[in-house]
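Take a look at the letters that make up each chain.
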There are 2 protein chains.
Amino acid sequence: MSTLDVRRRQILEAIIHCHTLTAQPVGSRVIAKRYNLGLSAATIRNAMADLEEMGYVMQPHTSAGRVPTELGYRFYVDSLMEVGILSEAEKIKIRLSYDDVRREFEYLMEQTSRILSTISHYVGVVMSPGLQTRVLKHFEIFQVSEDKLLAVLVVEPGVIRNRVLEKEETLTGEDLAKINNALKARFVGRSLIELQNLVDSPEQMRSMFDQQIFQEVSSLVRDALDVTYDPEIYLQGRSNIFSQPEFEDLRRMEAILDILEKKEQLSHLLDFSPGMEMGVYVRIGSEINCEAMEQCSVISAAYQWNQRPFGIIGVIGPTRMEYPRIVSIVDYTAKVMSQMLQNRLV
Amino acid sequence: MSTLDVRRRQILEAIIHCHTLTAQPVGSRVIAKRYNLGLSAATIRNAMADLEEMGYVMQPHTSAGRVPTELGYRFYVDSLMEVGILSEAEKIKIRLSYDDVRREFEYLMEQTSRILSTISHYVGVVMSPGLQTRVLKHFEIFQVSEDKLLAVLVVEPGVIRNRVLEKEETLTGEDLAKINNALKARFVGRSLIELQNLVDSPEQMRSMFDQQIFQEVSSLVRDALDVTYDPEIYLQGRSNIFSQPEFEDLRRMEAILDILEKKEQLSHLLDFSPGMEMGVYVRIGSEINCEAMEQCSVISAAYQWNQRPFGIIGVIGPTRMEYPRIVSIVDYTAKVMSQMLQNRLV
DNA sequence: ATTTAGCACTCTTAAAGCGAGAGTGCTAAG
DNA sequence: CTTAGCACTCTCGCTTTAAGAGTGCTAAAT
């Protein structure tokens, strides 16, 4: 009784399958008729009572059919479902959506979120990594007007940040060229956090630069490096939420949409703890740890760059979603995106 | 009769004022009681019948109060309302929200859309200009890996685009430096569309560069300039739509949210025809020219850079919105954003 | 001549009542 | 152990009903 025998597994699977299609409680008759398990409705009813006792399904009210619980979905995802295989057509569709990889990294992210939402019919999310640990590839300060400079930082696989700086009156074009060369030579190739620490320590700075340059460099560079390191997030398919009958409740919708507008909340949503291992992660309902999202599931995977996990992509949908299909979509898309990122640079 | 006398104006104003507060049809009794016009309900009823005949108000059904029509709002906006004056506190709140102007231009846009939505309680939008007519300020191609180059374009007030290029095996570091210098000298200071045309014409290119360099430059540069020129759009406050009782209908909500996700549609929404004059524009209901938005109004204004209209900001809300307040918010925010942009560069 | 009070009428909305239908659990027979 | 049968429960959609809000019209008042 404690573990599920074949029959109960089949019935649980049938309930989940049917419920994902209809969003309605599933009755014993339906299962008896539509799924040829060779059992009568009464037998199925008994099994369903067992499943309920074990916590895999529940009844919204006494005389309704069964609805899968979070535990039910969890068991289904872990032990029951077979990860669907994407059709070749769908794979091609995903690959072809990346029409122009050479554009900005932001475009790659936006495009990916669009793909995820279009073919999943749920909400697609893409998150870039925080920039702290990334390596500076190129650095340049140049003059854009009489009293303003623009610092441009190019970070590892083509992410760009920029920042406006006040120009000291005394600073000549030659000084600037000197500073630029000095900085390029010493800063490029190090991670941003490393540089940040370096800039904050006067001793290190002094040892790196000529006494003469040091004065001007010091505060200028500190400002130049003071860009956003936060991850960026791209999201598409918000209107898909409306197709889901379980979100008829306006308040719930509002709460969800509200979360989806807040960067921090969203990054918590995607940023799962297990050290960004590769593979697809499924979090169901309260596992997401966010009150407004208790009716949702998040399926996410890391995309990689240089064989290492980089950022995260994901699909947000109702707990009732078609896990096999979405898992395979997220999996494949993460792989293709990794490829695109790799082709793009390196 | 054809033009409105004072009394009818007052009553129309009262109807609109009351309706923006309650979202309900407004009856004659309410006006008689709450607005001290010194008139009885019956008199007001007569005036209301006149207003209805003239098309400024309508009844949802025979025995309901009056609701303003588009024409009514139009008249109100054009001739009745006094543009509210923002409180000093609100002004300060707006100005303080720009905590760090020196960050990327994108950040300025995002921040502005956030401000608009937070203090208007509707949807806030910010659109950047298309890049076609803008001037290239800085241009640099550099090597990021064995076989890849990265082209970075800095456009006028600090917008940045980048693009990945394939490196010809034969291209040496010296060649690249030469090309860079040649391009900087000849390209910086021209508008992107000008450059695009220039690159597409072999004769012009040939006349600009040494025969020796020309071969390598030609295709490389064409690729480098092939970035997105489309405007970018930032949007905040989607969840505010839910607070509006007129959008209880899920289908309508879905349609609106759907539009708000599509860049092109959104840019049409904001991009009003009258040649981007300064000042605040109000479009009401069907004036927006978008079926899903017939219950909405768009209030927009251009923000400027170097005394010239640059991009557009706006607020999207129900037709029932508090026009005086929102108009002044949009107006003031556009001005502050222009200042920020100006402080940022130039 | 305009304004106002009074009144009959209309239409919406919320609550209540009702019946059909779906699904269950239990029991007894296969 | 499985299945047929049956009584029971609960939801959902429908109609009915009553209350309330607001109007338009008419006749009196200013």
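It should be emphasised that the depicted structure is a prediction, and the values quoted were computed from it without experimental measurement.

Moving on, we get to the relation of the copies chain A and chain B. Relative to chain B, chain A is turned by 180° and slid 0.0 Å along the rotation axis, the superposed coordinates differing by an RMSD of 0.1 Å. What the superposition gives is, in effect, a two-fold axis relating one chain to the other. Of the interface residues in chain A, 100% have counterparts in chain B that sit at the interface too, so the contact is made through matching surfaces.

Moving on, we get to the protein's contact with DNA strand D. Near DNA strand D there are 20 residues, and of these Arg7(A), Thr43(A), Ser63(A), Ser28(B) and Arg66(B) occur at the shortest range. The sugar-phosphate share of atoms of DNA strand D within 4 Å of the protein amounts to 72%. A distance of 2.6 Å is found between a phosphate oxygen of DNA strand D and a side-chain nitrogen or oxygen belonging to Ser28(B). Here a base nitrogen of DNA strand D sits 3.1 Å away from a polar atom, N or O, in the side chain of Arg45(B). Looking at the surface near DNA strand D, the elements that each hand over two or more residues are helix 3 (41-53) of chain A together with helix 3 (41-53) of chain B. Of the residues belonging to the surface near DNA strand D, the class tally is four nonpolar, 12 polar and four charged.

With that out of the way, let us pick up unusual backbone geometry. Positive phi outside glycine occurs at Asn306(A), with the angle close to 55°. In this structure, Asn306(A) sits in the loop between strand 9 (296-305) and strand 10 (308-318). When its relative accessible area of 34% is taken as the criterion, Asn306(A) is described as partly exposed. Despite not being glycine, His121(B) has its phi angle at roughly 65°, a positive value. Here His121(B) shows up in the loop between helix 6 (105-120) and strand 3 (123-127).

So, about helix 7 (residues 173-187) of chain A. Residue and element names in this part refer to chain A. Between its first and last C-alpha, helix 7 extends 20 Å over 15 residues, near the 21 Å set by a 1.5 Å rise per residue. Turning to helix 7, its buried residues number three or more, namely Asp 175, Leu 176, Ile 179, Asn 180, Ala 182, Leu 183 and Phe 187. Considering only its buried residues, helix 7 is in contact with strand 4 (136-145), strand 5 (148-155), helix 8 (192-200), helix 9 (202-208) and helix 10 (211-224). Residue Gly 189 follows helix 7 closely and has a positive phi angle near 100°.

Attention shifts here to the sheet that holds strand 6 (residues 159-166) of chain B. The strands making up a sheet associate through backbone hydrogen bonding, with each pair oriented either parallel or antiparallel. Residue and element names in this part refer to chain B. Taken in spatial order, the three strands make up an open sheet running 4-5-6, and their pairing is antiparallel. Strands with a single pairing partner mark the edges of an open sheet, and in this sheet they are strand 4 (136-145) and strand 6. Recorded for the sheet is a direction-independent mean angle of 20° between the axes of neighbouring strands. Summarising the sheet, strand 5 (residues 148-155) and strand 6 pair through eight bridges and their orientation is antiparallel. Pairing of Val 154 across the sheet is with Ile 160, part of strand 6. Across the sheet, helix 10 (residues 211-224) lies against strand 4, strand 5 and strand 6, angled at about 135° from strand 6, the strand it touches most.

So, on to the pairing of strand 6 of chain B. Every regular strand shows the same layout, with side chains that alternate between the two sheet faces. In terms of residue burial, strand 6 of chain B counts as a mostly covered element, since seven of its eight residues are buried. As consecutive antiparallel partners, strand 5 of chain B and strand 6 of chain B are separated by three residues, and within that stretch Gly158(B) has a phi angle of approximately 105°, a positive value.

Turning our attention to the protein's contact with DNA strand C. Looking at DNA strand C, there are 21 residues lining it, with Ser28(A), Arg66(A), Arg7(B), Thr43(B) and Thr62(B) nearest. Expressed as a percentage, the sugar and phosphate content of the atoms of DNA strand C within 4 Å of the protein is 76%. Interatomic distance of 3.1 Å between a side-chain N/O atom of Arg45(A) and a base nitrogen of DNA strand C. A distance of 2.8 Å is found between a phosphate oxygen of DNA strand C and a side-chain nitrogen or oxygen belonging to Arg66(A). At the level of elements, helix 3 of chain A together with helix 3 of chain B are the ones that each hand at least two residues to the surface near DNA strand C.

On to the side chain of Ser120(A), then. Residue and element names in this part refer to chain A. Of note, Ser 120 is situated in helix 6 (residues 105-120). Among the polar contacts listed, one links the side chain of Ser 120 to the backbone oxygen of Leu 116, at a separation of 2.6 Å. Polar side-chain contacts of Ser 120 include one of 3.0 Å to the backbone nitrogen of Tyr 122. Apart from the residues within four sequence positions on either side, Ser 120 is in contact with Val 315, Arg 325, Ile 326 and Ile 329.

This part is about the sheet that holds strand 7 (residues 233-236) of chain B. Residues and elements named next belong to chain B. Pairing within the open sheet is antiparallel, and its five strands lie in the order 7-3-10-9-8. If you trace the sheet from one side to the other, it starts and ends with strand 7 and strand 8 (280-284), each paired once. In this sheet, adjacent strand axes meet at a mean angle of 20° when their direction is disregarded. As defined by bridge partners, strand 3 adjoins strand 7 across four bridges and the pair is classed as antiparallel. Bridge pairing in strand 7 places Val 125 opposite Leu 235.

All right, on to the environment of Glu156(A) then. Residue and element names in this part refer to chain A. Here Glu 156 lies in the loop between strand 5 and strand 6 (159-166). Sequence separation of Glu 156 and Ser 191 is 35 residues, and the distance between their C-alpha atoms is 9.0 Å. Polar side-chain contacts of Glu 156 include one of 2.7 Å to the side chain of Arg 134.

Further remarks concern a negative patch on the surface. On the surface, Glu146(A), Asp147(A), Glu166(A), Glu168(A) and Glu169(A) cluster together into a patch of negative charge. For Glu169(A), a relative accessible area of 79% puts it in the exposed group.

Let's shift gears to the domain arrangement of chain A. A common way to report how large an interface is uses the accessible area buried once the components associate. Residues and elements named next belong to chain A. Each assigned domain of chain A is listed with its residue range as follows: domain 1 (6-80), domain 2 (88-130 + 231-344) and domain 3 (136-224). One C-alpha centre belongs to domain 2, the other to domain 3, and the line joining them spans 36 Å. Counting from both sides, the interface comprises six residues of domain 2 and, opposite them, five residues of domain 3. For the domain 2 and domain 3 pair, buried surface summed over both sides reaches about 490 Å², with 58% attributable to carbon and sulfur atoms. At the boundary of domain 2 with domain 3, the tally comes to one salt bridge. Between Glu 232 and Arg 161 there is a salt bridge whose closest N-O contact spans 2.1 Å. At the junction of domain 2 with domain 3, the criterion picks out two residue pairs in polar contact (both at pLDDT 80 or more). Grouping the constituent residues of the side of domain 2 that touches domain 3 by class yields three nonpolar, no polar and three charged.

About the criteria used
For every chain, the first residue of the written sequence is number 1, and numbering continues from 1 along that sequence. Ligands are numbered from 1 and chains lettered from A, in the order in which they are written. Two thresholds apply to this predicted model, a pLDDT of at least 70 for residue-level local features and 80 or more for giving and counting side-chain atom pairs, whereas whole-chain, interface and lining totals are computed over all residues. Excluded from the side-chain calculation are hydrogens and water; included are all heavy atoms of the structure. The least-squares superposition of copies is restricted to C-alpha atoms, and to residues with a pLDDT of at least 70 in both copies. Contacts are assigned to residue pairs with any non-hydrogen atoms lying within 4.5 Å of each other. Being near a molecule or strand, for a residue, comes down to having at least one heavy atom within 4 Å of it. Counting of polar contacts relies on pairs of N or O atoms within 3.5 Å, with two restrictions inside protein: one atom must be capable of donating a hydrogen and the other of accepting it, and residues adjacent in sequence are counted only when both atoms are side-chain atoms. Segments assigned H or I by DSSP are reported as helices when at least four residues long, segments assigned E as strands when at least two residues long, and all are numbered from the N terminus. Each residue is assigned to one class: nonpolar for Ala, Val, Leu, Ile, Met, Phe, Trp, Tyr, Cys and Pro, charged for Asp, Glu, Lys and Arg, and polar for all the others, Gly among them. Only protein chains enter the area calculation, which uses a 1.4 Å probe; residues under 20% of their type maximum are buried, those over 50% are exposed, and those in between are partly exposed. Helix span is expected to be 1.5 Å times the residue number reduced by one. In this description, strands pair whenever DSSP reports at least two bridges between them. Axis definition: a line fitted to C-alpha atoms, over the contacting stretch in the case of helices. Angles run 0 to 180 degrees between N-to-C directions. For patches, a residue must show more than 30% relative accessible area and have no salt bridge; joins then use 9 Å for like charges and 5 Å for nonpolar side chains, namely Val, Leu, Ile, Met, Phe, Trp and Tyr. Methods summary: accessible areas were calculated by the Shrake-Rupley approach with a probe of 1.4 Å, and residue burial reflects only the protein chains presented. Take a side-chain nitrogen of Lys or Arg and a carboxyl oxygen of Asp or Glu: if they are within 4 Å of each other, that pair is a salt bridge. Under the convention used here, Asp and Glu are negative, Lys and Arg are positive, and both His and the chain ends fall outside the count. Charged groups are reduced to one reference atom each: NZ for lysine, CZ for arginine, CG for aspartic acid, CD for glutamic acid. Note that the domain bounds reflect an automated or database-derived domain assignment. The term buried area means the drop in 1.4 Å probe accessible area that two parts suffer when joined, counted for both and summed.

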